[in-house]
Amino acid sequence: MKYLLFVLFLLPLVVTSYELFILQNVNDPIKYIYTVTGVISTVLLFFSICLSMIRKWVNLIKYRKMIGLFGFFYAFLHFLNFTILDAQLDFSFIIKQSLDKPFIYIGMIAFFILLFMAITSKKNLFKKYNKYHKLIYFALILITIHFVMAQKSLTFIQFSYIILILAIGYFKLLQQIIKRNTI
Amino acid sequence: MYKLTKKDWEISENEVTSKELFDNRRTFLKLGAASVIASGSIMEALAKEKMPIKNLKFTEDPNPNNLILNTYEQITSHNNFYEFTTNQRKVKDMAHTLNTKNWTIKVDGLVEKPMTLDFDDLLKKFALEERIYRFRCVEGWSMVVPWIGFELSKLIKYLKPLSSAKYIRFETLYDEQMFPDQKNKVFNAIDYPYVEGLRMDEAMNELTLMAVGLYGSSMPKQNGAPIRLIVPWKYGFKSIKSIAKISFTDKEPLNTWQKENPKEYGFYANVNPKVDHPRWSQARERVLGKFFKQNTLMFNGYEKQVAHLYKGMDLTKDF
């Protein structure tokens, strides 16, 4: 199971690299990398918080760390795309954009939360910092705002994603309330 | 002293192909093709480029600035045409529902005689010329396109607007059968029909083109067939596609993107590396097909030809 998931989560990277470097059929590589890495990262991170909701049917809880780390991995590629290809390592530009533009700093804050979580996911550090891992919910809110801001106009498909995200949020909240009341 | 000056894109007389040679070009090409067909490599190269068959007669642009053209494949497979979809890669496959047969353009407003123009007549009326222009999208991508068309100023002179006309307003065709997103009433990407406008002096500028084709052949549907506007010093969204209506007015037209989001899109939409979009910088651009970015030029590189139009204006406010 572990290896199956591993291969599954690497697949988007392999397909994207194949299109970019072998087929070379992508007109706008920077935008394409943004889209692929952004989408995969978002899906994996939301999936990681849904594991407790679907454990009755499939129990993937023990792969939560791996799924979360893969989510971070794609967010990291997203970040590298911004710093290397988009900003071409112009650090004054990166810092200025990150401080000035809500679209950029919302993404940046979310990224640094993920970075913190990735670092503290090591066993010994996790013991100390796991209570801060609740920050994932804050990061997911920021990611959603970042995703909505990236759109020039919202169409049916994007509204569907937002409704799905709200539904996940609702069920997570419900789960928390039930948990609190039963203790 | 009056001096006759050549425009940047005009070629000198001795470079112009004589009429006989031009008329005989098919025979000439066939001879040439026949002689290389044995080797096959050139034919293969042509096929790889997926070049269209030229069907328009036009004077060539000598490309004095040596702009590097994007391929036909790139230009025709990366399109913003929200009437079909917001997905740039899918427009090409969806655009077949656009029917350009018997296309007409309605002309009304402050004009001597409102009328309906027939597209095929326009092609006969105005000599076509090639214009190799940079094309810069507000989303940050850009390309270089060899458009074929005629100057908008020529059409305006023919239409004879009244002196009270200060602006020209364009509309894309509204037809729910041809444009799937126009059928979406609640979740449509933008309001239709798509509207754009220019100040009259911008419209009369010699760079402003009514384009009917590219790479020597009729305009592909996904690129705005049969006729579209090209305003090379402005962001791409000003270059409205599939024009079905032209009006002359004394009020600044509210263009589609300004209506959708006035904080992010203005009426002028001049390419300006110094004025950022609220979400991203406009200082650089991604040329289609390239991994890295290049600097964006003021007025997209057409500063010499158009800067005078905006003298005294604050382009951070009139963006």
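Nothing here was measured: the structure is a model prediction, and the numbers come from that model.

S.K.: Requested: an account of the interface of chain A and chain B, with residues and values cited.
M.R.: When the parts of a complex come together, some accessible area is lost, and that lost area is often used as the size of the interface. The interface of chain A with chain B comprises 32 residues on the first partner and 30 residues on the second. Taken together, the two surfaces of chain A and chain B that pack against each other cover about 2,600 Å², and 53% of this comes from carbon and sulfur. Measuring nitrogen to oxygen at the nearest pair gives 2.3 Å for the salt bridge that ties Asp86(A) to Lys293(B). Taken together, chain A and chain B are joined by 13 residue pairs in polar contact (both at pLDDT 80 or more).

S.K.: Mind laying out the pairing of strand S4 (residues 141–151) of chain B, listing which residues take part and the relevant values?
M.R.: Residues and elements named next belong to chain B. Counted residue by residue, S4 has eleven buried out of eleven residues, so it is predominantly covered. Bridge count for strand S3 (residues 129–136) against S4 is eight bridges, and the pairing is antiparallel. The residue bridging Arg134 from the neighbouring strand is Val144, located in S4. Taken together, S3 and the strand that follows it, S4, pair antiparallel across an intervening segment of four residues, in which Gly140 is found at a positive phi of about 105°. Two elements, S4 and strand S11 (residues 284–287), share two bridges in a ladder whose sense is parallel. Looking at S11, one finds that Trp141 is bridged to Arg286. Looking at chain direction, S4 and strand S7 (residues 209–214) are connected through five bridges and run antiparallel. Across the sheet, the residue bridging to Ile148 is Gly213, located in S7.

S.K.: Tell me about the UniProt feature "transmembrane region" (unreviewed entry) in chain A, and name the residues and values.
M.R.: All names here are of chain A. Using the residue numbers shown here, the UniProt feature "transmembrane region" (unreviewed entry) corresponds to residues 32–54, 66–83, 103–120, 132–150 and 156–174. The distance from the first to the last C-alpha atom of residues 132–150 is 28 Å, and the span holds 79% helix and 0% strand. Along residues 156–174, the helical share is 100% and the strand share 0%, with 27 Å between the first and last C-alpha atoms.

The rules we used
Residues numbered from 1 in each chain as written. Chains lettered and ligands numbered in written order. Predicted model: local features only at pLDDT ≥ 70, side-chain atom pairs only at ≥ 80, totals over all residues. Heavy atoms only, no water. Contact = heavy atoms within 4.5 Å. Buried area = accessible area lost by both parts, 1.4 Å probe. Salt bridge = Lys/Arg side-chain N within 4 Å of Asp/Glu carboxyl O. Polar contact = N/O pair within 3.5 Å; in protein donor to acceptor, adjacent residues only side chain to side chain. Buried < 20%, exposed > 50% of the residue type's maximum accessible area, 1.4 Å probe, protein only. Helix = DSSP H or I, 4+ residues; strand = E, 2+ residues; numbered from the N terminus. Pairing = 2+ DSSP bridges. UniProt positions renumbered as here; feature names shortened; annotations may be inferred.

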